[in-house]
Amino acid sequence: MGTNKFPKGFYWGAATSSHQVEGNTKNDWTQWEKDNAKRLAETAKARWQDWQQERFPEMFKEENYISGAACDHYNRYEEDFDIAKSLSHNAHRFSIEWSRIEPEEGKFNEKEIEHYKKVLTALRKRGMEPFVTLWHWPNPVWIGELGAWENKETAKYFLRYAERIFSEYKDLVKFWMPLNEPGTDVALGYLLGNQPPGIRSKLIANAAFKNLMQAQKNVYGIAKSVSPDFQIGCSHFMFDIKPYHNLPWNIIAAKIMDYFANHRFFKAFNHSCDFFGIQYYQPFFVNAKLGGQFFGLFENKKVIERQSNLGWQIFPEGIANVLRKAARNKKPIYITENGLADCKDEYRGKFIQEHLKFVLQAISEGVDIRGYFHWSLLDNFEFVEMRGFWPRFGLVEVDYKTQKRTIRESAWEYKRMIEEYTAASQQKDA
Ligand code: BGC
């Protein structure tokens, strides 16, 4: 208890995911994009506010919704890791694309296995610790055809894939996160249906959640037999949930929301991981209202003026609140995502600085936090609820026409913070 420093050996870095940055992926989401791009472009007016429509007219174009070449990170990972290293990152989170490794059932692609070996070696060479996600939502096409996570068998297929990956890369990786935000994928893909597979069914959503839980259990069950050094995590998205104006009905609504969004997840996953990856973006000021954003029951009231390009409220103290809540599970925590869409880089530097101040506060209260990964290293294909390319989350700007990378000022500010905090953590207490 009581340190006001980041612990020694703290991991500093940024995160990406395969489908959002690699380019030319062929999975169940790529097909969905093709089938839905036109509809998404046509309905952008209804989805976004006037100021967003004016500022980001790309949202009316079909190509905004097709991941396509994305950032071509598949070919440019060395250049991108050079940038991360120049920004003093000592760790990097990314995901392996299942559809590349196992494009057909049971047939593993040796060339792609080799590819990720090179990716991992490139990180190691630069002194960056890899944090590897095995599934950041899209699935191989054949898994999609078998019903994706609606299908009980998917957990078994996932185990076979994970086993192969573990044994291939066991000397290169210590930190694994088999699943990225299983709760979000279920809520958006199987309950609200606004991202693939586009299903709206409570029953199916429940089954998908159970199957994902089983997948994590299976993987956790075998991991230590492959290497006792493995640390297995699971990432979880957390709003800082607060009752709007402390009205009694909103207090109840906030409790209900917290139960479904957090309590259920932690209960289901706490026994099948060594650490939690907490992903925090914004607060949710719960106002009970039919037709709201959260399962049609609650709306997120806007009470903070500072907002990202997506209209997300910037609320740095919220990160300390979610970290305290996650700490109740008594597992080490890595912040595996935190960031904002900010195309002009107006807020990002300050955003990081203020959030880190609150991370430090949580550490000083005794919360065991061991790493911070900004979302994202690069601008990328923002596929959550199929928003597309216009929201810019990168420390590094990407020109999608030329693939030119430009390091944003906030990335340099983050570098200075990393260096200062690291120097402070190495100093002896007086
Ligand atoms: C997801 C990322 C996404 C980010 C911003 C997270 O929930 O894991 O893939 O880009 O949110 O929306």
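Before any of the text, the structure's been laid out above.
Residues numbered from 1 in each chain as written. Predicted model: local features only at pLDDT ≥ 70, side-chain atom pairs only at ≥ 80, totals over all residues. Heavy atoms only, no water.

Visitor: Where do I start with the overall build of the protein in this structure?
Guide: The secondary structure content of the protein amounts to 15 helices and 11 strands. The globule rule puts the C-alpha radius of gyration for 430 residues at 22 Å, and the 20 Å found for the protein is close to it. If you take every contact in the protein between residues at least 6 apart in sequence, the share linking residues at least 24 apart comes to 75%. Total accessible area computed for the protein in this model is approximately 18000 Å², and 51% of it derives from carbon and sulfur atoms. Side chains of the protein carry 59 positive and 55 negative charges; the gap between the two charge centres is 4 Å. (Helix = DSSP H or I, 4+ residues; strand = E, 2+ residues; numbered from the N terminus. Rg over C-alpha atoms; globule rule 2.2 N^0.38 Å. Contact = heavy atoms within 4.5 Å. Areas by Shrake-Rupley, 256 points an atom, 1.4 Å probe, with all protein chains shown as cover. Lys, Arg positive; Asp, Glu negative; His and termini not counted. Charge placed at Lys NZ, Arg CZ, Asp CG, Glu CD.)

Visitor: Please clarify how the pattern of salt bridges should be interpreted in this entry.
Guide: Side chains bearing opposite charge may pair, as long as their charged atoms lie close to each other. In total, this model carries 33 salt bridges according to the counting rule given. With a shortest N-O distance of 3.3 Å, E42 and K38 are connected by a salt bridge. Pair noted here: E42 and K38 are both in helix α2 (residues 28-42), with a separation of four residues, about one helical turn. For E42, a relative accessible area of 56% gives the class exposed. Since its relative accessible area comes to 48%, K38 is described here as partly exposed. The salt bridge involving R324 is made with E365; its shortest N-O contact spans 2.6 Å. (Salt bridge = Lys/Arg side-chain N within 4 Å of Asp/Glu carboxyl O. Buried < 20%, exposed > 50% of the residue type's maximum accessible area, 1.4 Å probe, protein only.)

Visitor: When you look at the pairing of strand β10 (residues 396-399) in this model, what are you seeing that I'm missing?
Guide: Within a regular beta strand, the side chains point alternately toward one face of the sheet and then the other, so they alternate between its two faces. Of the two faces of β10, only the one carrying V396 and V398 is buried; E397 and D399 on the other face are not. Linkage of β10 to strand β11 (residues 404-407), two consecutive antiparallel strands, is achieved through a turn of four residues, within which Q403 is found at a positive phi near 65 degrees. (Pairing = 2+ DSSP bridges.)

Visitor: Help me out: how do you make sense of the site of the ligand in this one?
Guide: The local shell around the ligand holds 15 residues, among which Q20, H136, E181, E337 and E382 are the closest. At a separation of 2.8 Å, an oxygen atom of the ligand approaches a polar side-chain atom of Q20. One nitrogen or oxygen atom from the side chain of W375 is found 3.2 Å from an oxygen atom belonging to the ligand. Summarising the interface, the protein chains cover 98% of the accessible area of the ligand, which totals 310 Å² for the free molecule. Broken down by class, the residue content of the shell around the ligand amounts to seven nonpolar, four polar and four charged. (Near = heavy atom within 4 Å. Polar contact = N/O pair within 3.5 Å; in protein donor to acceptor, adjacent residues only side chain to side chain. Nonpolar A, V, L, I, M, F, W, Y, C, P; charged D, E, K, R; others polar.)

Visitor: Which parts of the structure should I look at to understand empty space enclosed by the protein?
Guide: Here the idea is plain: a probe the size of a water molecule rolls over the atoms and shows the empty space left. Counting across every chain of the model gives one cavity of 30 Å³ or more. Approximately 80 Å³ is the volume attributed to the largest cavity. If you trace the largest cavity, you find 14 residues lining it, with E22, H73, F94, Y116 and V119 closest to the centre. Elements with a contribution of two residues or more to the lining of the largest cavity: α1 (18-21), α5 (73-86), β2 (91-95) and α7 (110-125). Considering every element that reaches the lining of the largest cavity, the biggest residue donor is α5, with four residues. (1 Å grid on protein atoms, 1.4 Å probe; cavity = no way out; pocket = protein on both sides within 12 Å on 5 of 7 lines; lining within 4 Å. Points joined across faces, edges and corners; volume = space filled by probe spheres on them.)

Visitor: What should I look at first to understand the environment of K61 in this one?
Guide: Mapped onto the fold, K61 is located in the loop between α4 (50-55) and α5. The class for K61 is partly exposed, based on a relative accessible area of 47%. Sequence-wise, K61 and R416 are 355 residues apart; in three dimensions their C-alpha atoms are separated by 38 Å.

Visitor: Please clarify how the nonpolar core should be interpreted in this entry.
Guide: In a soluble, globular protein the nonpolar side chains are often hidden away together inside. Counting 144 residues, the largest nonpolar core has W149, F158, Y169, W176 and I369 as the members making the most contacts within it. Apart from residues no more than four positions distant in its own chain, F158 is found in contact with W98, L134, W135, W149, P178, L179, A215 and V219. (Core = buried A, V, L, I, M, F, W, Y, C linked by side-chain atoms within 4.5 Å.)

Visitor: What should I look at first to understand helix α10 (residues 182-191) in this one?
Guide: Because an α-helix completes one turn every 3.6 residues, residues spaced three or four positions apart along the sequence face the same direction. Judged by how many residues are buried, α10 sits mostly within the fold: eight of 10 residues are covered. Every buried residue of α10 is accounted for by P182, T184, D185, V186, A187, L188, G189 and Y190. Looking at the buried residues of α10, the elements they touch are α2, β3 (129-135), β4 (175-179), α11 (202-226), β5 (231-243) and α12 (248-269). Where α10 ends, the next residue or the one after it, G193, has phi of about 70 degrees, a positive value.

Visitor: Please explain unusual backbone geometry as it appears in this structure.
Guide: Residue P197 is reached from P196 by a cis peptide bond, and omega for that bond is 5 degrees. Along the polypeptide, P197 turns up in the loop between α10 and α11. For the peptide bond that leads from W375 to S376, omega is 15 degrees, which places it in the cis range. With respect to the element layout, S376 can be found in the loop between β9 (369-375) and β10. For S88, which is not a glycine, the phi torsion comes out positive at approximately 70 degrees. Relative to the helices and strands, S88 resides in the loop between α5 and β2. We note that E181 has phi near 40 degrees; this positive angle belongs to a residue other than glycine. What makes E181 buried here is its relative accessible area of 4%.

Visitor: Any chance you could explain the side chain of D28 here in plain terms?
Guide: With respect to the helices and strands, D28 occurs in helix α2. The buried charged residue D28 lacks any salt bridge, with K34 as its nearest oppositely charged partner at 12 Å. Within the local environment of D28, its side chain forms a polar contact with the backbone nitrogen of N139, the two atoms lying 2.7 Å apart. Excluding anything up to four places from it in sequence, D28 contacts P138, N139, P140, V141, G144 and A148.

Visitor: Sorry if this is basic, but what is going on with a nonpolar patch on the surface here?
Guide: Together, I252, I256, Y259, F260, L290, F295 and L297 make up an exposed nonpolar region whose accessible area comes to about 690 Å². When residues in the nonpolar patch are grouped by element, the largest group, four residues, is from α12. Positionally, F260 belongs in helix α12. In this structure F260 comes out as partly exposed when scored by relative accessible area, which is 43%. (Patch = residues over 30% accessible without salt bridge, like charges linked within 9 Å, V, L, I, M, F, W, Y side chains within 5 Å.)

Function-wise, these values are silent; they only describe arrangement.
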